[in-house]
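Spelled out from the first residue to the last, the chains are:
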Amino acid sequence: MLTKLTSFATIGLESERITVEVGSAPGEGKIFIVGLGDMSVQESKQRVRHALRAQGYHFATGLTITVNLAPANLRKAGPRYDLAIALGVLIVNGSIELPENVLESTAFLGELALDGSLRHITGILPAAIACRKMGITRLVVPAVNGSEAALIPGVEVIAAEHISEVIAILKGEASAAPVSVPASSAGSGDPEMVDFADIRGQEHAKRALEIAAAGGHNVLMSGAPGAGKTLLARAFRGILPPLSQEESIEVTRIYSVANLLPPEVPLITSRPFRVVHHTASGVSIVGGGQTPGPGEISLAHRGVLFLDELAEFPAQVLEVLRQPLEDRRITITRAQGSVTFPADFTMIAAMNPPRFTAGSKEHVHRRISAPLLDRIDLTVNVQPVPIADLQRPAKTNGDTTAAVLARVLKARKRQASRFALHTIRTNKEMGVKEIDALCPLKADAQSLLSQAVDRMGLSARGYHRAIKVARTIADLADAEHIGIEHVAEALQYRQNIDE
Ligand SMILES: Nc1ncnc2c1ncn2[C@@H]1O[C@H](COP(=O)(O)OP(=O)(O)O)[C@@H](O)[C@H]1O
Ligand SMILES: [Mg+2]
């Protein structure tokens, strides 16, 4: 006897349809799983055997059962096929009968515990997205994954605690418990969020961060320990535009695959803020592994990647950041093929100021390679605020996060209309072509910039960076053309460590 069930593998962020074919022939109670399954797939045999016996079903008495996971050329990993395999076994050994149309329209995902209960698995959201695309109308998942699956409308979700519940529902003997779609936001009460108004002084650094948020620019903050760099970086996320619904799903998908989704709040609605330590490995930062998974740069997608102590990072780790900063995604190549993860983030880097004694400038230069510095549009020196100022009760520390955010949103709107016919969204993403086409400078602005090239030794790259930043400053000022005051301010954020 032969039956077929539908399940899904996760490849990168995509779900691939896997057909779980289960066949039986007279034999001696053996089961084989073929189709390039890894160790955890092979161990499914033991879990399924035990779970079914625990429910009083027989397993393969008098039979040889073969499970084929198709397509055969795709590697399959993890215990996610347990549920489909167990149901297939029950069908071919004659324990249960399920209508053909039920099997055709339903996909199954779930790990079995030995007592038959269903355990949490990763990559549910991509599977639900795939179901909708393929016209599979029903998705059976472990109860703990229910609300994640329910994020995608148009797919009926059956979230079950136990395999016996799945069987009863499919037979029509029980009805599925309703699955609640998560409405509230994750991370809204983030304890690490710092309000701009709580930061004393630092007007120059705050302004740089406002420009960065408005134009999507990467920032390097240089300043002595205790100057407030980490504090400023923490406040930065609050002045970024809220995630759109579409972006939320995009980010949630990455966290689903990375197994970092809190089950209670399976929709990520606040911008990620990932702190990367200089001891982190290249793989943990860019992604990879046996079954390639997303790294920090993808977990920071649509949010912030904070690299503290930039100068302490090994040169080769910084080197691997270069390409994704350019492409806003990362492709990981393996023998089995390549997967691509999105990695569109704003980088905030912090470091102690380089000491300009002979040799040490060169040292910093070498560690933070020019190609990486090229991707940083704003560099700002952060001077410590005097202790006395920190202690003195201040009447006002300047604008609140809400006030800055309002300006950022306005500047983003200007960019959205500028780039309506382009694939980019923010000024940061402009290449030379867009700069030439979309960033006309007023005559005096142009001549100031030319002077900067001559007198300050501004490089060609520094020149383009300055125009992009000036464009964002003009957007914040709601100005149609880049004026001399915008260029003058932009030049304050140039990289005096490499120019
Ligand atoms: N401008 C400031 N306003 C308020 N608190 C500050 C300011 N600068 C520093 N601090 C305080 O000093 C501490 C150290 O700042 P931090 O951001 O960790 O410095 P850095 O990262 O530059 O070493 C912070 O926890 C914060 O409480
Ligand atoms: Mg710090």
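Keep in mind that this is a model prediction, so the values were computed, not measured.

Novice: Requested: an account of the overall build of the chain, with residues and values cited.
Specialist: Helices and strands together make up the secondary structure of the chain, namely 21 helices and 18 strands. Principal axes of the C-alpha set define a box for the chain whose edges measure 90 × 45 × 45 Å. Summarising the internal contacts of the chain: among those between residues at least 6 apart in sequence, 76% fall at separations of at least 24. For the chain, the separation between the mean place of its 52 positive charges and that of its 52 negative charges on side chains is 3 Å.

Novice: Give me the lowdown on the packing of helix 17 (residues 401–418) against helix 20 (residues 460–476), citing residues and values where you can.
Specialist: Any two packed helices are characterised by the angle at which their axes cross and by the distance between the axes. Between helix 17 and helix 20, the shortest axis-to-axis distance is 8 Å and the interhelical angle comes to 115°. Of the two possible hands of crossing, helix 17 and helix 20 adopt the one that is right-handed. Contacts between helix 17 and helix 20 involve Arg 407, Val 408, Ala 411, Arg 414, Gln 415 and Arg 418 on the former and, on the latter, Arg 471, Asp 475 and Leu 476. Taken together, the residues of the contact of helix 17 with helix 20 break down into 3 nonpolar, 1 polar and 5 charged.

Novice: Break down the packing of aromatic side chains for me, citing the residues and quoting the values.
Specialist: Scanning the model with the defined rule gives 1 aromatic pair in all. Ring geometry for Phe 273 against Phe 306: centres 6.1 Å apart, planes inclined by 35°, an arrangement best described as tilted. Within this pair, whereas Phe 273 is found in strand 11 (residues 273–276), its partner Phe 306 is found in strand 14 (residues 304–307), the two being separated by 33 residues in sequence. One residue, Arg 418, lies across the ring of Phe 419, its end atom 5.5 Å from the ring centre.

Novice: Tell me what's going on with the site of ligand 1, and back it up with residues and numbers.
Specialist: The immediate surroundings of ligand 1 are formed by 14 residues, with Arg 200, Gly 226, Lys 229, Thr 230 and Leu 231 found nearest. Gly 226 has a polar backbone atom sitting 2.6 Å from an oxygen atom of ligand 1. One nitrogen or oxygen atom from the side chain of Thr 230 is found 2.7 Å from an oxygen atom belonging to ligand 1. Expressed as a share of its isolated accessible area of 560 Å², the protein-covered part of ligand 1 is 67%. Looking at the shell around ligand 1, the element that brings in the most residues is helix 9 (residues 229–236), giving 3 residues. Tallied by class, residues from the shell around ligand 1 come to 7 nonpolar, 4 polar and 3 charged.

Novice: Account for the pairing of strand 2 (residues 14–26), naming residues and giving values.
Specialist: Every regular strand shows the same layout, with side chains that alternate between the two sheet faces. Note: strand 1 (residues 2–11) against strand 2, 10 bridges, orientation antiparallel. Note that in strand 2 the partner of Ala 9 across the bridge is Glu 16. The turn linking strand 1 back onto strand 2 is made up of 2 residues, and Gly 12 within it adopts a positive phi angle of 65°. As judged from the 8 bridges shared by strand 2 and strand 4 (residues 63–70), these two strands associate in the antiparallel manner. The partner of Thr 19 across the bridge, within strand 4, is Ala 70.

Novice: With reference to specific residues and values, describe the layout of surface pockets.
Specialist: In this structure, the largest pocket spans a volume of roughly 700 Å³. Lining the largest pocket are 31 residues, with Thr 10, Ile 11, Arg 75, Ala 77 and Thr 291 sitting closest to its centre. Among the elements of the structure, strand 1, strand 13 (293–294) and strand 16 (337–342) are those that each provide at least two residues to the lining of the largest pocket. In terms of residue class, the lining of the largest pocket is built from 13 nonpolar, 13 polar and 5 charged. Mapping the lining of the largest pocket onto the domain boundaries places at least three of its residues in each of domain 1 (2–171) and domain 2 (196–399). The volume enclosed by the second largest pocket comes to roughly 510 Å³. Considering the residues around the second largest pocket, the lining is formed by 21 residues, among which Glu 326, Arg 375, Lys 428, Met 430 and Lys 468 are closest to the centre. The set of elements that each furnish at least two residues to the lining of the second largest pocket consists of helix 13 (315–327), helix 18 (432–438) and helix 20. Residue contributions to the lining of the second largest pocket peak at 4 residues, all from helix 20. Its residues assigned to classes, the lining of the second largest pocket shows 5 nonpolar, 5 polar and 11 charged.

Novice: Give me the environment of Pro 142: which residues, what numbers.
Specialist: On the secondary structure map, Pro 142 appears in strand 8 (residues 138–142). Residues Pro 142 and Leu 109 lie 33 residues apart in sequence; the distance between their C-alpha atoms is 7.4 Å.

Novice: Describe the sheet that holds strand 17 (residues 346–351), naming the residues involved and giving the relevant values.
Specialist: The strand order 11-14-17-10-18 describes an open sheet built from 5 strands, whose pairing is parallel. A strand with exactly one partner marks an edge of an open sheet, and here the two such strands are strand 11 and strand 18 (378–381). Shown here is a sheet whose adjacent strand axes are inclined to one another by a mean of 15°, direction ignored. Two strands pair when backbone bridges link them, and strand 10 (residues 219–222) and strand 17 are joined in this way by 4 bridges, in the parallel orientation.

Novice: Summarise helix 5 (residues 124–134); cite the residues concerned and give the values.
Specialist: What sets the pattern is the α-helix's 3.6 residues per turn: residues three or four places apart point alike. Among the 11 residues in helix 5, 8 count as buried, and that is most of the element. For helix 5, every residue scored as buried is listed here: Ile 124, Leu 125, Pro 126, Ala 127, Ala 128, Ile 129, Ala 130 and Cys 131. Gly 135 sits one or two positions beyond helix 5 and adopts a positive phi of about 75°.

Novice: A description of empty space enclosed by the protein should follow, citing residues and the corresponding values.
Specialist: Counted under the stated rule, the structure contains 1 cavity of 30 Å³ or more. Considered as a void within the structure, the largest cavity measures approximately 70 Å³ in volume. Elements with a contribution of two residues or more to the lining of the largest cavity: helix 20 and helix 21 (484–491). Among the elements that take part in the lining of the largest cavity, helix 20 stands out by supplying 4 residues, more than any other.

What counts and what doesn't
- Residues numbered from 1 in each chain as written.
- Chains lettered and ligands numbered in written order.
- Predicted model: local features only at pLDDT ≥ 70, side-chain atom pairs only at ≥ 80, totals over all residues.
- Heavy atoms only, no water.
- Helix = DSSP H or I, 4+ residues; strand = E, 2+ residues; numbered from the N terminus.
- Contact = heavy atoms within 4.5 Å.
- Lys, Arg positive; Asp, Glu negative; His and termini not counted.
- Charge placed at Lys NZ, Arg CZ, Asp CG, Glu CD.
- Axes fitted to C-alpha atoms, helices over the stretch in contact; angles between N-to-C directions.
- Left-handed = near helix turned anticlockwise from the far one by under 90°.
- Nonpolar A, V, L, I, M, F, W, Y, C, P; charged D, E, K, R; others polar.
- Phe/Tyr/Trp six-rings, centres within 6.5 Å; stacked < 30°, edge-to-face > 60°.
- Lys NZ or Arg CZ within 6 Å of the ring centre and 35° of its normal.
- Near = heavy atom within 4 Å.
- Polar contact = N/O pair within 3.5 Å; in protein donor to acceptor, adjacent residues only side chain to side chain.
- Areas by Shrake-Rupley, 256 points an atom, 1.4 Å probe, with all protein chains shown as cover.
- Pairing = 2+ DSSP bridges.
- 1 Å grid on protein atoms, 1.4 Å probe; cavity = no way out; pocket = protein on both sides within 12 Å on 5 of 7 lines; lining within 4 Å.
- Points joined across faces, edges and corners; volume = space filled by probe spheres on them.
- Domains from an automatic or database assignment.
- Buried < 20%, exposed > 50% of the residue type's maximum accessible area, 1.4 Å probe, protein only.

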